[in-house]
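Coordinate analysis (summary)
Residues per chain are reported as follows:
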Amino acid sequence: MSYSLFLPCAAGVEAWLAEEAMALLGPDTHGSIERGGIALSGDARAVMTLNLESRLAQRVLLRLAQGPYRQEDDLYALARQVHWSQWLSPAQTFKVDVTAQRSPLRSLHFAGLRIKDALCDAMRQATGQRPSVDRQRPDVRVMLHLTEQEATLYIDTSGEPLFKRGWRQDKGDAPLKETLAAAMLAAAGWRGTPEAGGALLDPCCGSGTIAIEAAQIACGIAPGLTRRFAFERLAPFATAQGRSQWQALKQAAQARIHAPTVPVLASDVSFRMVDFARRNAQRAGVAHAIEFHGGDVLERVAPRLSEGLARTLMLNPPYGERIEARGRVARSAEQTGMAEEFYPRLAAHWKRHFGGWTAWVLSPDMKLPSRMRLKESRRIPMWNGPIECRLFRFDLVSGSMRGEDQPAAR
């Protein structure tokens, strides 16, 4: 059976997610790039594969119904079209989440209640019983998305968001989501091979997200291999055939794991964060594939690597920045001064020690290149949660430190 699927992702990542989906499902995959995600068709195996293998999707949503609406009763009628007993049993719990863009409805909460009423009424009619609501850990999550005139009902096949790989238990103050780290690697064309990206170094690794994502790619480890998914509890997937197919996919993913062919290195000025990163890497199954060090990014020199191997720096520098509740990046005068001093010193250090490397820096500071006195060769829009950022590429060349206020890269 073919399902209509939607894979939401961070803004700006849609094209890379579409490439990833085609690589996972095959070139004959039919779909389209939409705002905030991709829509495509796929069978049960595709649902399982995308949950297991996708590094960029936030969830895998399966569309149940879609239609126009003007008021809450229209939403009730839309939800009554769904054969809910084909998806869950009265013994299971559920929750309805609502998102909206320019919806004319006054209360999204009431819209969710109408979907809940329709689901319970349909289940009572079909089975004589109704399921219970669980707002914390439901067995089944139903999602209603409203635009100005159209409503779409989805069932979530993922459960926990896909960025929750299951390995990050130790984290810092503002950890980078795994899906965003994977998007940075995808945008950089880093594939974990000598031909695509080569060696990778994150000198501001924090809890290790970028390095661990990179090491899993280099080792062929599926991001969802050690976690559970909501589709395992959905009736169409919980059959003997479905369970057998799921076990076969996991076994194939396990058999695909291999030793890395490129080095992945990570360091941080905080030895506490390096310890966190090591523990996370151990849980992610890549402790053997990452070389960790403590030390200041302004002092650590380039590692010795094989002649001719491509060299990639990738980092999300935290220096002097904090993220406020509404997503604005705020700096005190002292923090601004730290940033003004730090970035030129970083560029000078790279010019002295990292000639021939390609640096990718994620930052919400649109003036970062001028602060670093570097000329970027690319700037790619990305969103870190609510924060609009740019992923800057700098092609580093060696040079004398005379006249440090001259550009260090061309």
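**Let's talk about the pattern of salt bridges**
- Summed over the entire model, instances satisfying the criterion amount to 21 salt bridges.
- Here Asp365 ties to Arg371 by a salt bridge, and the two come within 2.3 Å at their closest N and O atoms. Here Asp365 and Arg371 have matching classes, each one buried.

**Some remarks on helix 3 (residues 72–80)**
- Within the sequence span of helix 3, burial applies to Glu72, Leu75, Tyr76, Leu78 and Ala79. Seen along its axis, helix 3 keeps its buried residues to an arc of 160°; they face one direction.
- Contacts made by the buried residues of helix 3 are with strand 4 (61–68), helix 4 (108–127), strand 7 (140–146) and strand 8 (150–156).

**Side note on the sheet that holds strand 4**
- Strand order in the open sheet made by the 8 strands is 2-3-1-4-8-7-5-6, with mixed pairing throughout. Edge strands, defined here as strands with exactly one partner in the open sheet, are strand 2 (31–34) and strand 6 (132–133).
- Here strand 2 runs beside strand 3 (residues 37–42); their pairing, made up of 4 bridges, is antiparallel. Across the sheet, the residue bridging to Ser32 is Ala39, located in strand 3.
- Where helix 1 (residues 14–25) meets the sheet, it contacts strand 1 (3–8), strand 2 and strand 3, and its direction lies at approximately 20° from that of strand 3.

**A look at the packing of helix 3 against helix 4**
- Relative orientation of the contacting elements helix 3 and helix 4 amounts to 35°, with a least axis distance of 8 Å. Judged by the twist between their axes, the crossing of helix 3 over helix 4 is right-handed. Here helix 3 contributes Glu72, Asp73, Leu75, Tyr76, Ala79 and Arg80 to the contact with helix 4, which in turn contributes Phe110, Ala111, Arg114, Ile115, Asp117, Ala118, Asp121, Ala122 and Gln125.
- By residue class, the composition of the contact of helix 3 with helix 4 is 8 nonpolar, 1 polar and 6 charged.

**Concerning the layout of surface pockets**
- There is about 700 Å³ of room inside the second largest pocket.
- Every element with two or more residues in the lining of the second largest pocket is listed here: strand 1, strand 4, strand 7 and strand 8.
- Top element by residues in the lining of the second largest pocket is strand 1. It accounts for 4 residues.
- Tallied by class, the residues present in the lining of the second largest pocket amount to 10 nonpolar, 9 polar and 5 charged.

**Description of the packing of aromatic side chains**
- Taken as a whole, this structure holds 10 aromatic pairs when the rule is applied.
- Between the aromatic rings of Phe392 and Phe394, the centroid separation amounts to 6.2 Å while the plane-to-plane angle is 20°, which identifies the pairing as stacked. Each of the two residues, Phe392 as well as Phe394, counts as buried.
- Three or more aromatic residues link up through ring pairs in this structure, and these residues are Tyr3, Trp87, Phe229, Phe231, Phe237 and Trp246.

**Examining the environment of Tyr154**
- Counting through the fold element by element, Tyr154 comes out in strand 8.
- Along the chain, Tyr154 and Leu61 lie 93 residues apart, while their C-alpha atoms are 5.9 Å from each other.

**Let's talk about the sheet that holds strand 9 (residues 199–202)**
- In space, the 7 strands of this open sheet follow the order 11-10-9-12-15-17-16, with mixed pairing throughout. Each edge of the sheet is formed by a strand with only one pairing partner; in this case those strands are strand 11 (290–294) and strand 16 (378–384). Averaged over all neighbouring strand pairs, the angle between strand axes comes to 20°, with direction disregarded.
- Pairing of strand 15 (residues 358–363) with strand 17 (residues 387–395), which is carried by 6 bridges, proceeds in the antiparallel orientation. What sits directly across from Val361, in strand 17, is Phe392.

**Overview of the packing of helix 1 against helix 2 (residues 44–53)**
- Direction vectors running N to C along helix 1 and helix 2 enclose 120°, while the axes themselves pass 10 Å from each other. If you check the angle between helix 1 and helix 2, you find them oblique. Relative to helix 2, the crossing made by helix 1 is right-handed. Counting all contacts with helix 1, which are made through Glu20, Ala21, Leu24 and Leu25, the residues of helix 2 involved are Ala46, Thr49, Leu50 and Glu53.
- For the contact of helix 1 with helix 2, the residue count by class is 5 nonpolar, 1 polar and 2 charged.

**Some words on helix 5 (residues 178–187)**
- Burial within helix 5 is extensive, with 10 of its 10 residues counted as buried.
- By the burial criterion, the buried members of helix 5 are Glu178, Thr179, Leu180, Ala181, Ala182, Ala183, Met184, Leu185, Ala186 and Ala187.
- Following helix 5 by one or two positions, Gly189 adopts a phi angle in the positive range, close to 70°.

Quick notes on the rules
Residues numbered from 1 in each chain as written. Predicted model: local features only at pLDDT ≥ 70, side-chain atom pairs only at ≥ 80, totals over all residues. Heavy atoms only, no water. Salt bridge = Lys/Arg side-chain N within 4 Å of Asp/Glu carboxyl O. Buried < 20%, exposed > 50% of the residue type's maximum accessible area, 1.4 Å probe, protein only. Helix = DSSP H or I, 4+ residues; strand = E, 2+ residues; numbered from the N terminus. Arc of directions from axis to C-beta. Contact = heavy atoms within 4.5 Å. Pairing = 2+ DSSP bridges. Axes fitted to C-alpha atoms, helices over the stretch in contact; angles between N-to-C directions. Left-handed = near helix turned anticlockwise from the far one by under 90°. Nonpolar A, V, L, I, M, F, W, Y, C, P; charged D, E, K, R; others polar. 1 Å grid on protein atoms, 1.4 Å probe; cavity = no way out; pocket = protein on both sides within 12 Å on 5 of 7 lines; lining within 4 Å. Points joined across faces, edges and corners; volume = space filled by probe spheres on them. Phe/Tyr/Trp six-rings, centres within 6.5 Å; stacked < 30°, edge-to-face > 60°. Parallel < 35°, antiparallel > 145°, perpendicular 65-115°, else oblique.

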